[in-house]
Amino acid sequence: MDPGRRFFLRGGGTLSKPMAAKIPRPPWALEESAFVQACTRCNACVEGCPQHILSCGDGGFPIVKFESNGCIECGECVALCIPKALTRLPGQRPWAWHAEIDDRCLALRRIECRVCGEVCDAGAIRFRPSLGGVSLAVLSPQDCTGCGQCVPTCPTSAIKMVSPAA
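The sections below set out a description of the structure shown in this document. None of the values given here were measured: they were computed from a predicted structure.

Focus: the pattern of salt bridges
Then comes step 1: Applying the stated criterion across every chain yields a total of four salt bridges.
Then comes step 2: Arginine 25 is the salt-bridge partner of glutamate 32, the closest N and O atoms lying 2.7 Å from each other. Take glutamate 32 and arginine 25: they sit in the same class, and that class is buried.
Then comes step 3: For glutamate 100, the salt bridge is made with lysine 160, and the minimal N-O distance between the two is 3.9 Å.

Shown next as structure tokens:
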């Protein structure tokens, strides 16, 4: 399959160059065009993910879905990737994605909820006290590791993962 053709049919791309789609690839994935060239769609990373956050996306390429779990950055997907479409370099973050909290957050509706902060091991979600109300969630994108542990725990689905260029 030529992924460029698929992207062309969606608009915004050409046959020789896919559009710059922001697709949540597995941790430590190569840059998108290099990833698509290297990935054989063998599904070893999908089957080997202990958190079960990887699944097959368009064209059979693996994508990340945080609906039921977050990434523990174990590196199992990288170890199983024979073509090296996933390559972990020392000191490299797994991805540039980070969490974002929208207006469905319960604290904005004056309902006490701190579950996202409780599961954030990086401490990227803190709660700022407000006079006469509940504490409001404040997310620090630079501290967020993009693990996504906060996404499935939010009772109102107010948290999503976003690309820094999105």
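Okay, back to it.
Looking at the side chain of histidine 98
Then comes step 1: Within the secondary structure layout, histidine 98 lies in strand 3 (residues 98–101).
Then comes step 2: By relative accessible area, histidine 98 is classed as buried at 15%.
Then comes step 3: If sequence neighbours within four positions are ignored, histidine 98 has contacts with Pro141, Cys144, Gly146, Lys160, Met161, Val162 and Pro164.

Here's the deal with the environment of arginine 88
Then comes step 1: Positionally, arginine 88 belongs in the loop between helix 4 (76–80) and strand 3.
Then comes step 2: Beyond its immediate stretch of four places on either side in the chain, arginine 88 contacts Trp28, Glu73, Cys74, Gly75 and Val78.

Focus on the nonpolar core
Then comes step 1: In this structure, Leu54 and Phe66 are the most contacted members of the largest nonpolar core, which totals 37 residues.
Then comes step 2: With residues up to four places along the chain from it excluded, the contact list for leucine 54 reads Pro26, Pro27, Cys45, Val46, Cys49, Ile63, Val64 and Cys77.

Observations concerning unusual backbone geometry
Then comes step 1: Although it is not a glycine, histidine 52 sits at a positive phi angle of roughly 60°.
Then comes step 2: By the element assignment, histidine 52 lies in the loop between helix 3 (44–48) and strand 1 (54–56).
Then comes step 3: At glutamate 73, a position not held by glycine, the phi torsion is positive, near 55°.

So, how was this worked out
- As a convention, each chain's residues are numbered from 1 in the sequence order in which they are written.
- It should be noted that, the model being predicted, local features are given only for residues of pLDDT at least 70 and side-chain atom pairs only at 80 or more, the latter also being counted only at that level, while totals for whole chains, interfaces and linings use all residues.
- Note that water and hydrogens are dropped before the side-chain values are worked out from all heavy atoms of the structure.
- Only one rule defines a salt bridge in this text: a Lys or Arg side-chain nitrogen within 4 Å of an Asp or Glu carboxyl oxygen.
- Under the scheme applied here, a residue whose accessible area is under 20% of the maximum for its type counts as buried, over 50% as exposed, and between as partly exposed, the area being computed with a 1.4 Å probe on protein chains only.
- Only DSSP runs of H or I covering at least 4 residues are called helices, and only runs of E covering at least 2 are called strands; the numbering of each starts at the N terminus.
- A contact between two residues is defined here by any heavy atoms of the two lying within 4.5 Å.
- Residues enter a nonpolar core if they are buried and are Ala, Val, Leu, Ile, Met, Phe, Trp, Tyr or Cys, with the set joined through side-chain atoms within 4.5 Å.

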